[in-house]
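What follows is each chain in one-letter form.
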Amino acid sequence: MEKGARVEIVSGPTGRDVVGTVFWIGDDRFNEGTKRLGVQGDDGETYWVSGDNVEASEAAIPEPQGPQPQRGDRVAWRQREEEGEGEVFWTGENKHGPGLRLGIKCDDGETRWFDARAVTLLSNDGPTPGAANGRDPRPPAKSWSGEEPPF
């Protein structure tokens, strides 16, 4: 099994019947001599599974459905048993597999990171008002020299 491999979770406590892409491989601390895998499911969820619980899959990576969220858009999200809404403040390439990754400032004040497949677009307002060419209108953050604490 290698990073980037397509797999189906066939057994275990979570993710059964989910197809996804392996993005992490390491030793399984629960089963000596077995590998543990991080799988980015095609449903947008992240699954941590024993290598014994997956099989190779020939399933193609699904294409995005509908418009993709952009900065300033309102989205609804669900992650395990939690759900909420918020505004997209960052978009970029997903480093855990194919697709788009989103930074969302949630209505509860928390910042969360999601695969775009794990959110539902509520409004497509585009970039934050006042943003020129999609750039953040706020001044850049000051850098820290390391001589004094940044607070």
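Structure first, text after, so check above.
The structure contained in this document is the topic of the report that follows. Keep in mind that this is a model prediction, so the values were computed, not measured.

**Some details on the sheet that holds strand 8 (residues 100–106)**
No. 1: Strand order in the open sheet formed by five strands is 9-8-7-6-10, with antiparallel pairing between adjacent strands. On the outer flanks of this sheet lie strand 9 (111–115) and strand 10 (119–123), each paired with one strand and no other. Each neighbouring strand pair of the sheet contributes to a mean axis angle of 40°, computed without reference to strand direction.

**Things to note about the packing of aromatic side chains**
No. 1: Tallying each qualifying case throughout the model produces five aromatic pairs.
No. 2: Considering the side-chain rings of Trp-77 and Phe-114, the 5.3 Å spacing of their centres and the 35° angle between planes classify their relative orientation as tilted. Taken together, the residues Trp-77 in strand 6 (residues 74–79) and Phe-114 in strand 9 connect sequence positions 37 residues apart.
No. 3: Under the relative-accessibility criterion, Trp-77 is labelled buried at 4%.
No. 4: Judged by its relative accessible area of 2%, Phe-114 is buried.
No. 5: Ring centres of Trp-90 and Trp-113 lie 5.4 Å apart, and the angle between their planes is 70°; on these two criteria the pair is classed as edge-to-face. Of this pair, Trp-90 sits in strand 7 (residues 82–93) while Trp-113 sits in strand 9, and the two are 23 residues apart along the sequence.
No. 6: Of the residues examined, Trp-113 reaches a relative accessible area of 40% and is grouped as partly exposed.
No. 7: An aromatic cluster is defined as three or more aromatic residues linked by ring pairs; in this entry it consists of Phe-23, Trp-24 and Trp-48.

**What to know about a nonpolar patch on the surface**
No. 1: Residues Phe-89, Trp-90 and Trp-113 make up a contiguous nonpolar surface patch of about 290 Å² in total accessible area.
No. 2: Note on placement: Phe-89 falls in strand 7.
No. 3: A relative accessible area of 32% places Phe-89 in the partly exposed class.

**Topic: the pattern of salt bridges**
No. 1: One pass over the structure, following the stated rule, counts nine salt bridges.
No. 2: Across the pair Arg-117 and Asp-42 runs a salt bridge, and its minimum N-O distance is 3.9 Å. Of this pair, Arg-117 sits in the loop between strand 9 and strand 10 while Asp-42 is found in the loop between strand 3 (35–41) and strand 4 (46–50), placing the two residues 75 residues apart along the sequence.
No. 3: Judged by its relative accessible area of 22%, Asp-42 is partly exposed.
No. 4: In this structure, the salt-bridge partner of Glu-82 is Arg-112, at a minimum N-O distance of 3.4 Å. On the criterion of sequence distance, the pair formed by Glu-82 in strand 7 and Arg-112 in strand 9 is long-range, its members being 30 residues apart.
No. 5: What makes Arg-112 buried here is its relative accessible area of 13%.
No. 6: Residues joined in a network through salt bridges with shared partners are Arg-6, Asp-42, Asp-115 and Arg-117.

Cut-offs applied
Residues numbered from 1 in each chain as written. Predicted model: local features only at pLDDT ≥ 70, side-chain atom pairs only at ≥ 80, totals over all residues. Heavy atoms only, no water. Pairing = 2+ DSSP bridges. Helix = DSSP H or I, 4+ residues; strand = E, 2+ residues; numbered from the N terminus. Axes fitted to C-alpha atoms, helices over the stretch in contact; angles between N-to-C directions. Phe/Tyr/Trp six-rings, centres within 6.5 Å; stacked < 30°, edge-to-face > 60°. Buried < 20%, exposed > 50% of the residue type's maximum accessible area, 1.4 Å probe, protein only. Patch = residues over 30% accessible without salt bridge, like charges linked within 9 Å, V, L, I, M, F, W, Y side chains within 5 Å. Areas by Shrake-Rupley, 256 points an atom, 1.4 Å probe, with all protein chains shown as cover. Salt bridge = Lys/Arg side-chain N within 4 Å of Asp/Glu carboxyl O.

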